[in-house]
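Descriptive analysis of the structure
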Amino acid sequence: MKLHCEVEVISRHLPALGLRNRGKGVRAVLSLCQQTSRSQPSARAFLLISTLKDKRGTRYEANSSSLKGFLSAVRLAHRGCKVDIPVSTLTPVKTSEFENFKTKMVITSKKDYPLSKNFPYSLEHLQTSYCGLVRVDMRMLCLKNLRKLDLSHNHIKKLPATIGDLIHLQELNLNDNHLESFSVALCQSTLQKSLRTLDLSKNKIKALPVQFCQLQELTNLKLDDNELIQFPCKIGQLINLRFLSAARNKLPFLPSEFRNLSLEYLDLFGNTFEQPKVLPVIKLQAPLTLLESSARTILYNRIPYGSHIIPFHLCQDLDTAKTCVCGRFCLNSFIQGTTTMNLHSVAHTVVLVDNMGGTEAPIVSYFCSLGCYVNSSDMLK
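Residues numbered from 1 in each chain as written. Predicted model: local features only at pLDDT ≥ 70, side-chain atom pairs only at ≥ 80, totals over all residues. Heavy atoms only, no water.

Scanning the protein chain from terminus to terminus reveals 6 helices and 18 strands. Counting only residues that meet the buried cut, the protein chain has 41% of its 381 residues in that class. In the protein chain, of all internal contacts separated by at least 6 residues, the share reaching a separation of at least 24 is 45%. Only carbon and sulfur atoms are counted for the fraction: they give 52% of the accessible area of the protein chain, which is about 21,800 Å². (Helix = DSSP H or I, 4+ residues; strand = E, 2+ residues; numbered from the N terminus. Buried < 20%, exposed > 50% of the residue type's maximum accessible area, 1.4 Å probe, protein only. Contact = heavy atoms within 4.5 Å. Areas by Shrake-Rupley, 256 points an atom, 1.4 Å probe, with all protein chains shown as cover.)

Given below as structure tokens:
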């Protein structure tokens with residue numbers, strides 16, 4: 001009979017000697033054992049404490065345990081009664097019995113990847129790089145204590161929505177895979193409250209969904225070497241973001257809400273930024289359509305909406321509504337202008353945008369009315 005636990009052996013003689021206990025337990029296997037001899041035919045019971053450093057273990061007279069069944073067995077043994085439940089023999093503990101205590105596992109080759117046994121349930125950090133994975137191993141999604149998952153340098157094409165069930169996951173590294181998207185389901189999972197670092201570098205992602213900006217605990221985001229043609233229009237909602245790297249993509253301009261970021265480090269080197277257009281794009285409607293007027297009212301007053309209330313396509317329209325420089329919203333009636341922004345206005349440290357030493361990038365601005373456009377005309381010069 002064995003119990004996996006943390007054990008601290010306390011000597012009652014230490015205080016009398018002016019010494020103190022360590023005050024810290026160690027991972028151990030606590031076993032109830034019995035031993036017979038010719039001189040004493042009746043079985044003697046022991047508590048055997050085995051650790052990774054002392055696999056043969058140290059024996060103690062059986063007298064206590066937190067497990068009810070264990071206590072019962074110890075009580076019977078102490079009274080000299082027959083112990084009816086199975087007990088262990090006095091044998092050294094195997095190394096494999098300590099594997100479930102592991103909190104970190106690093107695998108960097110196919111030959112070391114476990115195929116016939118599960119990952120230790122207590123893992124908090126798992127790295128499986130250069131293993132040729134084409135999908136996420138579902139066994140990983142049972143590791144409920146996982147805080148860091150590194151799947152870099154594989155061939156993964158799609159992420160299962162069940163990654164969002166890892167409620168403690170803080171770091172997710174998917175660098176150098178074959179991803180083409182990041183699903184809405186993941187953006188709306190429990191990752192909203194836990195995920196702080198996300199590495200999607202060296203994939204084939206062209207765009208991120210607007211719901212991506214619901215991952216508001218993100219502090220570090222790496223998007224280098226993808227095929228991004230735009231940032232999510234609501235990127236300004238990532239209020240905790242401090243490190244953003246999206247070098248060597250295909251970004252022609254930045255969304256208007258990019259101005260709302262407050263970064264420590266920003267790298268947009270090697271993007272195909274376009275020159276700002278001289279003339280604005282005018283799509284004003286007079287009078288406003290019922291759809292436009294209703295959408296502005298819902299967004300301005302922050303009225304809750306969802307596909308259970310209104311059609312799904314209307315939800316998508318509301319999710320991707322433009323934000324005017326005045327703070328109001330517009331759907332299909334707006335003026336669009338392009339200007340340049342010095343990236344130092346949103347980041348303390350900025351990697352040069354190009355080889356010419358520039359730190360400016362084009363940014364799109366929206367205006368919900370002609371009045372807003374006229375009042376902000378200086379911004380477009």
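Structure shown, so let's carry the discussion forward.
Moving on to the nonpolar core. By size, the foremost hydrophobic cluster in this structure holds 61 residues, and its most contacted members are F182, F212, F231, L254, F258, L268 and L343. Among the secondary structure elements, those contributing two or more residues to this core are β5 (104–107), α2 (184–187), β12 (263–267), β17 (347–351) and β18 (360–367). Once residues lying within four places of it in the same chain are set aside, the contact partners of F258 are F231, I235, L244, L266, L268, M341, L343, V346 and I363. Among the nonpolar cores identified, the runner-up in size contains 9 residues, and C330, V364, Y366 and C368 belong to it. (Core = buried A, V, L, I, M, F, W, Y, C linked by side-chain atoms within 4.5 Å.)

Our focus in this paragraph is the sheet that holds strand β16 (residues 335–342). Read from one edge of the open sheet, 3 strands run β13-β16-β18, paired in antiparallel fashion. For this open sheet the edge positions go to β13 (281–282) and β18, each flanked by a neighbour on one side alone. With 8 bridges connecting them, β16 and β18 associate as antiparallel partners. Bridge pairing in β18 links I335 to F367. (Pairing = 2+ DSSP bridges.)

Attention shifts here to the pattern of salt bridges. The final tally for this structure, using the stated rule, is 6 salt bridges. Residues K111 and D112 are paired through a salt bridge, measuring 3.5 Å at the closest nitrogen-oxygen approach. By relative accessible area, K111 is classed as exposed at 72%. Note on D112: relative accessible area 46%, which makes it partly exposed. (Salt bridge = Lys/Arg side-chain N within 4 Å of Asp/Glu carboxyl O.)

Turning our eyes to something else, we now look at a nonpolar patch on the surface. Together, I282, L284, L370 and V374 give the surface a local cluster of nonpolar side chains, amounting to about 380 Å² of exposed area. Along the chain, L284 turns up in the loop between β13 and α4 (290–300). (Patch = residues over 30% accessible without salt bridge, like charges linked within 9 Å, V, L, I, M, F, W, Y side chains within 5 Å.)

When pLDDT is averaged along the protein chain, the result is 85, and 80% of the positions lie at 70 or above. Within the model, pLDDT remains below 50 along residues 63–67, and this stretch shows 12 contacts once partners closer than five positions in the same chain are excluded. (pLDDT = per-residue confidence, 0-100.)

Okay, the sheet that holds strand β8 (residues 171–173) next. Strand order in the open sheet formed by 9 strands is β5-β6-β7-β8-β9-β10-β11-β12-β17, with parallel pairing between adjacent strands. The open sheet has two free edges, formed respectively by β5 and β17, since each of these has just one partner strand. Taking each pair of neighbouring strands and ignoring which way they run, the sheet shows an average axis angle of 5°. (Axes fitted to C-alpha atoms, helices over the stretch in contact; angles between N-to-C directions.)

This part is about the packing of aromatic side chains. Two measures describe an aromatic ring pair: the distance that separates the ring centres and the angle between the ring planes. Throughout the structure, instances matching the rule amount to 6 aromatic pairs. For the pair F182 and F212, a centre-to-centre distance of 5.6 Å together with 80° between the ring planes defines the contact as edge-to-face. Residue F182 is found in the loop between β8 and α2, and its partner F212 is found in the loop between β9 (197–199) and β10 (220–222); the two are separated by 30 residues along the sequence. For the residue pair F182 and F212, the accessibility class agrees, reading buried in each case. Ring centres 4.6 Å apart and planes at 10° place the aromatic pair F243 and Y265 in the stacked group. Of this pair, F243 sits in strand β11 (residues 243–245) while Y265 sits in strand β12; the two residues are 22 residues apart in sequence, bridging distant segments of the chain. (Phe/Tyr/Trp six-rings, centres within 6.5 Å; stacked < 30°, edge-to-face > 60°.)

Along the chain, the position of K111 falls in the loop between β5 and β6 (125–128). Between the C-alpha atoms of K111 and C131, which are 20 residues apart in sequence, the distance is 8.1 Å.

Our next topic: the side chain of S333. Along the chain, S333 turns up in the loop between β15 (329–330) and β16. Of the residues examined, S333 reaches a relative accessible area of 1% and is grouped as buried.

To continue, consider α4. For α4, the set of buried residues is E292, A295, R296 and L299. Projected down its long axis, α4 shows its buried positions confined to an angular sector of 100°, all on one face. Packed against the buried residues of α4 are α5 (312–319) and β15. Note on α4: the residue one or two positions beyond its end, R302, has a positive phi of about 55°. (Arc of directions from axis to C-beta.)

Moving on, we get to the state of the cysteines. One pass over the structure, following the stated rule, counts 0 disulfides. Left unpaired, C187 is separated from the closest cysteine sulfur, that of C213, by 8.4 Å. A relative accessible area of 0% means that C187 is categorised as buried. Take C368: it sits in no disulfide, and the sulfur closest to it among the cysteines is that of C324, at 3.7 Å. For C368, a relative accessible area of 10% translates into the label buried. (Disulfide = S-S within 2.5 Å.)

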